[in-house]
Amino acid sequence: MTTAQIDTKTKRFAYSAIVIYSTIVGLSFLFGKLALTVASPLDSLAHRFTISLLAATIPVLLGWVKLQIQLRDVLAILPLAVLYPSLFFAFQAFGLQFTTSAEAGIIHATVPIFTMIAAAYFLKERATRLQQLSTLLSVAGVIFIFVMKGTTIDLTNMKGTLLILLSALSLAGYSVLARKLTLRLKVFTMTYVMTMIGFLVFNLMAVSQHLASGTLSLYFEPFASPVFLVSILYLGVLSSLVSSLLSNFALSKLEASKVSVFNHLATLVSIVGGFVFLNEQLAYYHIIGAIVIIAGVLGTNAGSWRGKLVSSTQSSRTSDFR
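Residues numbered from 1 in each chain as written. Predicted model: local features only at pLDDT ≥ 70, side-chain atom pairs only at ≥ 80, totals over all residues. Heavy atoms only, no water.

Any chance you could explain the nonpolar core here in plain terms?
Of all hydrophobic cores here, the largest spans 67 residues; its most connected members are L80, Y174 and F202. Beyond its immediate chain neighbours, meaning those up to four positions away, F202 contacts L42, L45, A46, F49, P85, S86, F89 and A90. Counting residues in hydrophobic clusters, the runner-up holds five residues, among them L53, A56, F188 and L241. (Core = buried A, V, L, I, M, F, W, Y, C linked by side-chain atoms within 4.5 Å. Buried < 20%, exposed > 50% of the residue type's maximum accessible area, 1.4 Å probe, protein only. Contact = heavy atoms within 4.5 Å.)

Please explain the packing of aromatic side chains as it appears in this structure.
To describe a pair of aromatic rings, you give the distance between the ring centres and the angle between the ring planes. By the definition in use, this model includes 15 aromatic pairs. An angle of 80° between the planes, with centres 6.4 Å apart, marks the rings of F89 and F202 as edge-to-face. Here the residue F89 occupies a position in helix 3 (residues 71-95), and F202 occupies one in helix 8 (residues 187-213), the gap between them amounting to 113 residues. A single burial state applies to F89 and to F202, both of which are buried. Aromatic side chains F223 and F228 sit 5.5 Å apart centroid to centroid with 90° between the ring planes, which places their arrangement in the edge-to-face category. (Phe/Tyr/Trp six-rings, centres within 6.5 Å; stacked < 30°, edge-to-face > 60°. Helix = DSSP H or I, 4+ residues; strand = E, 2+ residues; numbered from the N terminus.)

Please explain the environment of F114 as it appears in this structure.
On the secondary structure map, F114 appears in helix 5 (residues 111-123). A relative accessible area of 26% places F114 in the partly exposed class. F114 sits 143 residues away from S257 along the chain, and the two C-alpha atoms are 8.9 Å apart. The contact partners of F114, leaving out residues within four places of it in the chain, are L165, L169 and A172.

When you look at helix 12 (residues 284-300) in this model, what are you seeing that I'm missing?
Along an α-helix, residues three or four positions apart point the same way, because every turn accommodates 3.6 residues. With 17 residues, helix 12 should reach 24 Å at 1.5 Å per residue; the first-to-last C-alpha distance of 25 Å fits that figure. Burial in helix 12 covers these residues: Y285, H286, G289, A290, I293, G296, V297, G299 and T300. (Expected span 1.5 Å × (residues − 1).)

Is there a simple way to think about a nonpolar patch on the surface in this case?
On the surface, V272, F275, V276, F277, L278 and L282 cluster together to form a nonpolar patch covering roughly 540 Å² of accessible area. Among the secondary structure elements, F277 is positioned in helix 11 (residues 263-277). The class for F277 is exposed, based on a relative accessible area of 56%. (Patch = residues over 30% accessible without salt bridge, like charges linked within 9 Å, V, L, I, M, F, W, Y side chains within 5 Å. Areas by Shrake-Rupley, 256 points an atom, 1.4 Å probe, with all protein chains shown as cover. Salt bridge = Lys/Arg side-chain N within 4 Å of Asp/Glu carboxyl O.)

Looking at this model, I keep getting lost on the packing of helix 7 (residues 158-181) against helix 9 (residues 226-253). Mind explaining?
The relative placement of two packed helices is expressed as an angle between their axes plus a distance between the axes. The geometry of helix 7 relative to helix 9 is characterised by a closest axis approach of 8 Å and an angle of 65° between their N-to-C directions. Regarding helix 7 and helix 9, the two cross each other, and that crossing is right-handed. Contact with helix 7, carried on its side by Y174, S175, A178 and R179, involves S244, S247, N248, L251, S252 and K253 of helix 9 and no other residues of that element. Here the contact of helix 7 with helix 9 is composed, by residue class, of three nonpolar, five polar and two charged. (Axes fitted to C-alpha atoms, helices over the stretch in contact; angles between N-to-C directions. Left-handed = near helix turned anticlockwise from the far one by under 90°. Nonpolar A, V, L, I, M, F, W, Y, C, P; charged D, E, K, R; others polar.)

Looking at this structure, I do not really get empty space enclosed by the protein. What am I missing?
Tallied over the entire structure, the rule returns two cavities of 30 Å³ or more. The volume enclosed by the largest cavity comes to roughly 60 Å³. Taken together, F49, S52, Y84, P85, F89, T191, M194, T195, S240, L241 and S244 form the lining of the largest cavity. Where the lining of the largest cavity is concerned, the elements lending two or more residues are helix 2 (41-61), helix 3, helix 8 and helix 9. Estimates place the volume of the second largest cavity at around 50 Å³. Taken together, I18, Y21, L171, Y174, S175, S247, L251, V259, S260 and N263 form the lining of the second largest cavity. Where the lining of the second largest cavity is concerned, the elements lending two or more residues are helix 1 (3-36), helix 7, helix 9 and helix 10 (256-260). (1 Å grid on protein atoms, 1.4 Å probe; cavity = no way out; pocket = protein on both sides within 12 Å on 5 of 7 lines; lining within 4 Å. Points joined across faces, edges and corners; volume = space filled by probe spheres on them.)

What should I look at first to understand the pattern of salt bridges in this one?
Side chains bearing opposite charge may pair, as long as their charged atoms lie close to each other. Within the structure shown, the criterion is met by two salt bridges. Between E125 and R179 there is a salt bridge, with the nearest N and O atoms lying 3.6 Å from each other. Of this pair, E125 sits in the loop between helix 5 and helix 6 (129-148) while R179 sits in helix 7; the two residues are 54 residues apart in sequence, bridging distant segments of the chain. Each member of the pair, E125 together with R179, is buried. Of the charged contacts in the structure, one is a salt bridge between E255 and K258, with a shortest N-O distance of 3.7 Å. Note on K258: relative accessible area 8%, which makes it buried.

Looking at this model, I keep getting lost on the side chain of S260. Mind explaining?
Position of S260 among the secondary structure elements: in helix 10. Judged by its relative accessible area of 1%, S260 is buried. A distance of 3.1 Å separates the side chain of S260 from the side chain of T115, its partner in a polar contact. Here S260 is in contact with V111, P112 and T115, once residues within four sequence places are set aside. (Polar contact = N/O pair within 3.5 Å; in protein donor to acceptor, adjacent residues only side chain to side chain.)

What follows is the structure, given as C-alpha cells:
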C-alpha cells in the first residue's frame, strides 16, 4: 500500500469518526432534555462526567488501554480542558437560564466561523475562497431553520446572549487547541485528562450548590429514575467520552475548520431525532435548511474530496500498469 493510499484511508477514517460524532451529539439533545426532566443542569453535568470517567477508567484497569500520563502532559492539556468541557458547558448551562435553546442554536451556528478565523491565526490554516463561502453557507442553513421557526435573538437580554457566545468561543478555541495538541499527544490520554477535569469541575460545583442549599442527601436521587439512568449513560459514555475520542481523533488528521463545520450535521440529527422520537414537526424549511447545510459541509471539505478522488484515480492507473 502506497503512502498516498494510507493517507487517504486515514482521512476516510477521520471523516467517518466526525460523522459518527455529529450523530451522537445530535441525539444528545434528546437525551439531555430527558435528563433535565429529573435533575438540574448542574447535577446532570456532574453525573454525566462521573459516568464518563468511570467508562474511561474501566479499559485502563482491565489493561486494554495503557495510560501514560506525565505532569507536563497534564499541564499541556489543562488549557484545553478548561475550554472544553469546563467553560463550554458552564457558559451553556448558565446561558440557557437567560435565553432559549433556539436562540442558543443560532449563536452556536457561528462556531465554524470563529474556528476558521482562529485556525488561520494560530495554526496558519489557509482556507480557500470556496471553503470560506461554504462555511458561511452551512451557518446560513442553520440560522435559516431557526428563523423560519420564528426564533430571533433578544438583544435586550445581553446576559444570556453573551454567555452563549462565550460558550461558542470556548468550543472554537477547543477545536484549534486540540488540533495542535493531537499532533504530539495520544488521543486517549487527551480525552482521559479532559474527562477527569470535567468530573472534578462539575462535581465540585454541584456539591457546593447542594451544600449551600442543604440538599446534599438528594445528590444521587436522580439515579432512581430509569429515564435519567438511560439518559445519563448515553450522555456520559457516548456523548461525552466516545464523542471526545472521535473528535480528538478527527482533529489529529483533519484541519480544525473542516472538522468544526460538521457540528452543523448535529443540528440535522437533532431535528430528525425530535421528529422520530418526540413527534416534533418536520417542515419544508427543515428540508431546505438541511440541503444548504450539507452543501456547505461538502464545499468546506471540497479539497479533501478532490484529493481523495485524485489519489484513487492515480492508484487505479498505477495498478493498471502492473
